[in-house]
Amino acid sequence: MIISVASGKGGTGKTTVATNLALSIENVQFIDCDVEEPNANVFFNAEINEKEDVTVEIPKIDKEKCNYCGKCSEFCAYNALAVVPSDVLVFPELCHSCGGCELVCPQDAVNWKKKSVGRIEHGAANGVDFYHGLLNVGEIQAIPVIKALKKKVDKDKNVILDAPPGTSCPVIESVGCSDYCILVAEPTPFGLHDLKLMVEVVRHLYIPFGVIINRDGVGDKKVELYCQNEKIPVLMKIPHSEEIARLYSKGISFVNELPDWRDNFQNLFSRIQSEVNA
Amino acid sequence: MKQLTVISGKGGTGKTSITAAFASLADDAVFADCDVDAADLHLILKPQIKKTIGFHGLKLACIDKDQCIDCKKCYDSCRFGAIDEEINLIKESCEGCGVCEYVCPVDAITMVDRDSGFAYISETRFGPMAHAVLKTAEEASGKLVTVVRENAKKLAEEKKKDMVIIDGPPGIGCPVIASLTGVDLVLIVTEPTLSAIHDLERILGVAHHFEIPAVVCINKYDINLDNTKRIEQYCKNNGIKVVGKLPYDTIVTEAMIHEKNVIEFSDGELQNNIIHMWNKIREVL
């Protein structure tokens, strides 16, 4: 079973929920798909014992064969190629590796070379099989790194997938194929606005979902009212607590210090499990 | 004209609340919400939309099943897995490259414009604003960010404003890079948590990579004073100025509920520190 944790708005507590849930149940594989800013390992401290480079293919023009006809740059939807009288400029960061330039080249002058965009890392901690991905600094495309991570999904395990913030491509790529999605929301106007966007996304993808309200007590009751009106289950409320905030700031998962919460997360997991299997 | 982008790496550190507060302090600025995925600045600035412009991101393949001869060339050629074996388009995966259209021997595929969202030109009680909304499950948010920034720049030129203040998205990828390329300064809003410190290092790396000067604001500095010291030390070691330290205050959320920024809402230490920080940023710029 794959449970993804997403939010729309950043900083609402995705990683808090995902890591505490992972530390409360058995047979877990944890995948941090926020490859731009991965934070889960701040809480797991998994020792990384395997690293894998993530590469994409970008065109390499054979200047012996090229006759500078310009068909490749004309075709490229991403403006990743520019043909000047005696040269072809390739802009690797714009290339989507679609392969179109090779197809249209009448001279068979397009070859491919690998370009690193990031890496994925594997380790273990507290019995959790841990993966995260790191997009190279200055690199645009997070999707290939997320795709590489998702290939590691082990369906025999309880897979917890920590998604990036936002609602566009990296989020869709991360939560796609999940059996269930937990949306973490904070009870503020910003929180509500972005929760509504994320609800549209998971409905669009037909993924069953529920909401966890984090920092319950700050703000207002509108997130709860919205969930009631939309018949969205509120799975859990995590109170606004100085203790929890303090532990978070130090990189400590609160189930390790407040063991009652372990039961709460186990109950949450059972509830999701029975809903998915129903 | 100067451009300032407020970013953070980690989400939820207070970018938008701080940008909204700046709106009260900048007399002559245009505001741009470049967090097009999950835009929130409009909830405080309450823009009146003057102009709506349709945004077409990437193209989209459109398959005419009546013409299709099921040769599967498109399925074999698509590098994005956007066409399944029954030759149905998986819209979410299509990146609009046009390879399927090119390989189709019977012209059954056409690339069409994709309605990906809207860009808006608006007026607020603080001045002009450029913003946008990306439709559910659409791609090309970086491209839409670029549209918002172009609109903001045009607005500044038309209305003779001397500054563009940009509210950026979280992360370090495509929309973030689109939000900060070519600006004069980035303000990085961080908080004293281990997660935020980790993210700060990466976002500073991005600013450095694009050679954009950066200054740092430590928000909610009093929730962990040890970590605040760590951030200050780190910035000092790397020659980065800490322009502000803001205390944790529930007034931020209260002001938000009243659809106001903190400067409009009330006075206090937090507000004084924001004013102080704004003056420092003006100096740097």
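Residues numbered from 1 in each chain as written. Chains lettered and ligands numbered in written order. Predicted model: local features only at pLDDT ≥ 70, side-chain atom pairs only at ≥ 80, totals over all residues.

(A) Examining the overall build of chain B more closely. Scanning chain B for helices and strands turns up eleven helices and eleven strands. Overall size of chain B, expressed as C-alpha extent along the three principal axes, is 70 × 40 × 35 Å. Sorting the 285 residues of chain B into buried and exposed places 54% on the buried side. By sequence separation, contacts in chain B at least 24 residues apart represent 75% of the contacts at least 6 residues apart. (Helix = DSSP H or I, 4+ residues; strand = E, 2+ residues; numbered from the N terminus. Buried ≥ 20, exposed ≤ 12 C-beta atoms within 10 Å, placed from the backbone. Contact = placed C-beta atoms within 7 Å.)

(B) Structural detail: the overall build of chain A. Per the secondary structure count, chain A includes ten helices and eleven strands. Across its three principal axes, chain A shows a C-alpha extent of roughly 70 × 45 × 35 Å. Residues classed as buried in chain A amount to 49% of the 278 residues present. Of the contacts formed within chain A by residues at least 6 apart in sequence, a portion of 75% connects residues at least 24 apart.

(C) Region of interest: the environment of Ile172 of chain A. Mapping Ile172 of chain A onto the fold places it in helix H6 (residues 169-175). The sequence separation of Ile172 of chain A and Val202 of chain A amounts to 30 residues, and the corresponding C-alpha distance is 8.7 Å. The residues touching Ile172 of chain A, leaving out its near neighbours within four places in the chain, are Val201 of chain A together with Glu92 and Ala137 of chain B.

(D) Looking closely at unusual backbone geometry. Residue and element names in this part refer to chain B. Positive phi outside glycine occurs at Asp107, with the angle close to 55 degrees. In this fold, Asp107 is placed in the loop between helix H4 (99-103) and strand E5 (109-112). On the basis of neighbour count, Asp107 is assigned to the exposed category, with 9 C-beta atoms found within 10 Å.

(E) Structural detail: the domain arrangement of chain A. Segmenting chain A into domains produces domain 1 (2-27 + 157-277) and domain 2 (56-115). With centres defined by C-alpha atoms, the gap from domain 1 of chain A to domain 2 of chain A works out at 44 Å. (Domains from an automatic or database assignment.)

(F) How the structure looks around helix H5 (residues 143-150) of chain A. Residue and element names in this part refer to chain A. Counting buried positions along H5 yields six of eight residues, so the element is predominantly enclosed. Taken together, the buried positions of H5 are occupied by Ile143, Pro144, Val145, Ile146, Ala148 and Leu149. Buried residues in H5 make contact with strand E2 (28-32), strand E3 (47-61), strand E6 (110-125), strand E7 (128-135) and H6.

(G) Spatial organisation of the sheet that holds E6 of chain A. Residues and elements named next belong to chain A. One open sheet holds the nine strands; their spatial order is E3-E6-E7-E2-E8-E1-E9-E10-E11, and the pairing between them is mixed. At either end of the open sheet lies a strand with only one pairing partner, and these are E3 and strand E11 (234-239). Adjacent strand axes in the sheet meet at a mean angle of 20 degrees, parallel and antiparallel pairs treated alike. Examined bridge by bridge, E2 and strand E8 (residues 158-162) share five bridges and lie parallel to one another. Its bridge partner being in E8, Gln29 is matched across the sheet by Val159. (Pairing = 2+ DSSP bridges. Axes fitted to C-alpha atoms, helices over the stretch in contact; angles between N-to-C directions.)

(H) View of the domain arrangement of chain B. When cut into domains, chain B gives domain 1 (2-55 + 119-284) and domain 2 (60-113). Using C-alpha coordinates to define each centre, domain 1 of chain B is positioned 40 Å away from domain 2 of chain B.

(I) Representation of the sheet that holds strand E3 (residues 48-56) of chain B in the model. Residue and element names in this part refer to chain B. In space, the nine strands of this open sheet follow the order E3-E6-E7-E2-E8-E1-E9-E10-E11, with mixed pairing throughout. The open sheet terminates on both sides in strands that have one partner only, identified here as E3 and strand E11 (241-246). Strand-to-strand, the axes of this sheet are offset by a mean angle of 20 degrees, without reference to chain direction. Both strand E1 (residues 2-7) and strand E8 (residues 163-167) contribute to a ladder of five bridges, which runs parallel. Looking across to E8, one finds that Lys2 is bridged to Met163. Docked against the sheet, helix H1 (residues 15-25) engages E1, strand E2 (29-33), E8, strand E9 (185-190) and strand E10 (214-219), running at close to 155 degrees with respect to E8.

(J) Seen up close, the interface of chain B and chain A. Listed per partner, the contact involves 51 residues of chain B and 51 residues of chain A. Going through the elements one at a time, H4, helix H5 (141-158), helix H6 (174-180), helix H7 (194-209) and helix H9 (251-257) of chain B are the ones with two or more residues in the side of chain B that touches chain A. A per-class count over the side of chain B that touches chain A returns 19 nonpolar, 21 polar and eleven charged. (Nonpolar A, V, L, I, M, F, W, Y, C, P; charged D, E, K, R; others polar.)

(K) Spatial organisation of the nonpolar core. Counting 150 residues, the largest nonpolar core has Leu183 of chain A together with Val148 of chain B as the members making the most contacts within it. With near-sequence residues (within four places) excluded, Leu183 of chain A lies in contact with Ala6, Ser7, Leu195, Met198, Val199, Phe209 and Val211 of chain A. Counting residues in each nonpolar core, the second largest holds 14 residues, with Cys98 of chain A together with Cys74, Val99 and Cys104 of chain B among its members. (Core = buried A, V, L, I, M, F, W, Y, C linked by C-beta atoms within 7 Å.)

(L) Structural view of the packing of helix H7 (residues 189-204) of chain A against helix H8 (residues 222-229) of chain A. Residue and element names in this part refer to chain A. At a minimum axis distance of 9 Å, the contact between H7 and H8 shows a crossing angle of 25 degrees. With respect to H8, the axis of H7 lies roughly parallel. Residues Gly191, Leu192 and Leu195 of H7 pack against Lys222, Val223 and Tyr226 of H8. A class-by-class count of the residues in the contact of H7 with H8 yields four nonpolar, one polar and one charged. (Parallel < 35°, antiparallel > 145°, perpendicular 65-115°, else oblique.)

(M) Representation of the packing of H1 of chain B against helix H11 (residues 269-284) of chain B in the model. All names here are of chain B. Two elements in contact, H1 and H11, have axes separated by 10 Å at closest approach and are oriented at 75 degrees. By the angle between their directions, the pair H1 and H11 is classed as roughly perpendicular. Contacts from Ile18, Ala21, Phe22 and Leu25 in H1 reach Ile274, Ile275 and Trp278 in H11. Within the contact of H1 with H11, the residues separate by chemical class into seven nonpolar, no polar and no charged.

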